[in-house]
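Residue strings, one per chain:
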Amino acid sequence: MELKSYLARCPLIAILRGIQPHEAAAIAEVLEAAGIAIVEVPLNSPDPLASIATLARDFGDRLLIGAGTVMTPAQVADIALAGGRLIVTPHADPAITHAAKVHGLIAVPGFFTPAEAFTMLAAGADALKLFPAEAASPAVLRALRAVLPADTAVLPVGGIDAGNIPAWRAAGAAGFGIGSAIYKPGDTAATVAAKARALLASLRP
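Structure report, in brief. (Residues numbered from 1 in each chain as written. Predicted model: local features only at pLDDT ≥ 70, side-chain atom pairs only at ≥ 80, totals over all residues. Heavy atoms only, no water.)

With that settled, consider the overall build of the protein. What the protein contains, in helices and strands, is nine helices and nine strands. Over its C-alpha atoms the protein spans a radius of gyration of 15 Å, differing by no more than 12% from the 17 Å that the globule rule assigns to 205 residues. Summarising its shape, the C-alpha atoms of the protein cover approximately 45 × 40 × 25 Å along the three principal directions. Looking at the protein alone, contacts between residues at least 24 apart form 59% of all its contacts between residues at least 6 apart. Accessible area for the protein stands at about 8,300 Å²; split by element, carbon and sulfur atoms hold 59% of it. With 15 positive and 16 negative side-chain charges, the protein shows a separation of 7 Å between the mean positions of the two kinds. (Helix = DSSP H or I, 4+ residues; strand = E, 2+ residues; numbered from the N terminus. Rg over C-alpha atoms; globule rule 2.2 N^0.38 Å. Contact = heavy atoms within 4.5 Å. Areas by Shrake-Rupley, 256 points an atom, 1.4 Å probe, with all protein chains shown as cover. Lys, Arg positive; Asp, Glu negative; His and termini not counted. Charge placed at Lys NZ, Arg CZ, Asp CG, Glu CD.)

Written as structure tokens, this is what we have:
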């Protein structure tokens with residue numbers, strides 16, 4: 001299934017930064033129940049490959065499971081081996097995007113400037129992560145959408161919450177990476193479920 005199919009189910013990407021492997025399944029279970037279809041485990045979390053492997057085994061046939069904060073092409077092979085199918089970076093590195101495509105994975109590299117955006121699209125990116133979104137604005141995204149190919153999916157990440165999702169959506173965001181607004185270390189499954197419900201409510205007209 002393509003990234004856009006998962007985004008059509010739910011445009012929120014749950015970023016589980018700091019999650020422990022033993023927590024991963026319980027958190028993913030409540031996210032799936034809420035309607036979330038994409039889950040990302042940043043590589044600067046404790047034992048991230050173990051969490052990705054658990055999630056891929058238990059949810060990989062229904063959810064898109066992958067890794068964030070991917071910094072080198074070598075890490076891509078490890079993620080693929082663990083069962084991850086999504087590669088997200090904080091920066092614009094064509095080599096990582098190329099490695100993702102070699103392994104048959106979905107690539108969502110970070111960018112902040114038009115030059116980086118077009119470089120990543122040329123490298124084969126499936127979508128673009130506008131990061132850090134706190135340093136941009138919906139107006140910036142609207143201007144970018146005017147020059148990017150019409151089918152480019154741009155996903156703001158950084159400081160996204162229920163309060164600002166509507167403005168970003170109106171500017172043309174195809175989806176959102178959600179960090180602490182959906183999960184932070186120490187959150188219980190019940191807390192994450194409540195956060196997810198609030199975020200999903202912000203998507204309704």
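Right, picking up where we left off after that structure.
This part covers the packing of helix α2 (residues 21-34) against helix α9 (residues 189-201). Two numbers describe how α2 lies on α9: the axes approach to 9 Å, and their chain directions differ by 30°. Between α2 and α9, the interaxial angle falls into the category roughly parallel. Here α2 and α9 pass one another in a crossing that is right-handed. For the pair formed by α2 and α9, the contact residues are Ala26, Ile27, Val30, Leu31 and Ala34 on the first element and Ala189, Val192, Ala193, Ala196 and Leu200 on the second. Of the residues contributing to the contact of α2 with α9, the split by class is ten nonpolar, no polar and no charged. (Axes fitted to C-alpha atoms, helices over the stretch in contact; angles between N-to-C directions. Parallel < 35°, antiparallel > 145°, perpendicular 65-115°, else oblique. Left-handed = near helix turned anticlockwise from the far one by under 90°. Nonpolar A, V, L, I, M, F, W, Y, C, P; charged D, E, K, R; others polar.)

Our next topic: the sheet that holds strand β8 (residues 154-156). If you walk across this open sheet you meet the three strands as β6-β7-β8, and the pairing is parallel. Each edge of the open sheet is held by one strand with a lone partner, namely β6 (110-111) and β8. Strand direction decides the pairing type here: strand β7 (residues 128-130) and β8, joined by three bridges, are parallel. Bridged to Leu130 within β8 is Pro156. (Pairing = 2+ DSSP bridges.)

Within the secondary structure, Arg169 sits in helix α8 (residues 165-170). Counting along the chain gives 103 residues from Arg169 to Gly66, while the straight-line C-alpha distance between them is 23 Å. Setting aside residues up to four positions removed in sequence, Arg169 forms contacts with Phe176 and Leu203. Looking at Arg169, its side chain comes within polar contact range of the main-chain oxygen of Leu203, at 2.9 Å. (Polar contact = N/O pair within 3.5 Å; in protein donor to acceptor, adjacent residues only side chain to side chain.)

As a further point, take the nonpolar core. Formed by 57 residues in total, the largest nonpolar core has its most connected members in Leu12, Leu31, Trp168, Phe176 and Ile182. Grouped together as the second largest cluster of nonpolar side chains are 14 residues, Ala37, Leu64, Val88 and Val108 included. (Core = buried A, V, L, I, M, F, W, Y, C linked by side-chain atoms within 4.5 Å. Buried < 20%, exposed > 50% of the residue type's maximum accessible area, 1.4 Å probe, protein only.)

Moving on to the side chain of Glu23. Among the structural elements, Glu23 can be located in helix α2. At 3.4 Å, the side chain of Glu23 forms a polar contact with the side chain of Tyr183. Residue contacts for Glu23: discarding those within four places in its chain leaves Tyr183 and Asp187.

Another point: the sheet that holds strand β9 (residues 176-178). Through backbone hydrogen bonds, the strands of a sheet pair up, either in parallel or in antiparallel fashion. An order of β5-β4-β3-β2-β1-β9 is seen for the six strands of this open sheet, with the pairing classed as parallel. Sheet topology places β5 (106-108) and β9 at the edges, where each strand pairs with a single neighbour. On average, each strand axis in the sheet is inclined to that of its neighbour by 25°, with strand direction left out of account. In this sheet, β5 lies alongside strand β4 (residues 86-88) in parallel orientation, the contact comprising three bridges.

Attention now goes to the environment of Leu121. Here Leu121 is to be found in helix α6 (residues 114-123). Exposure remark for Leu121: the relative accessible area of 25% places this residue in the partly exposed category. Here the alpha-carbon distance between Leu121 and Pro94, two residues 27 residues apart in the chain, equals 9.1 Å. Not counting residues within four places of it along the chain, the set of residues in contact with Leu121 comprises Leu128, Leu148, Pro149 and Thr152.

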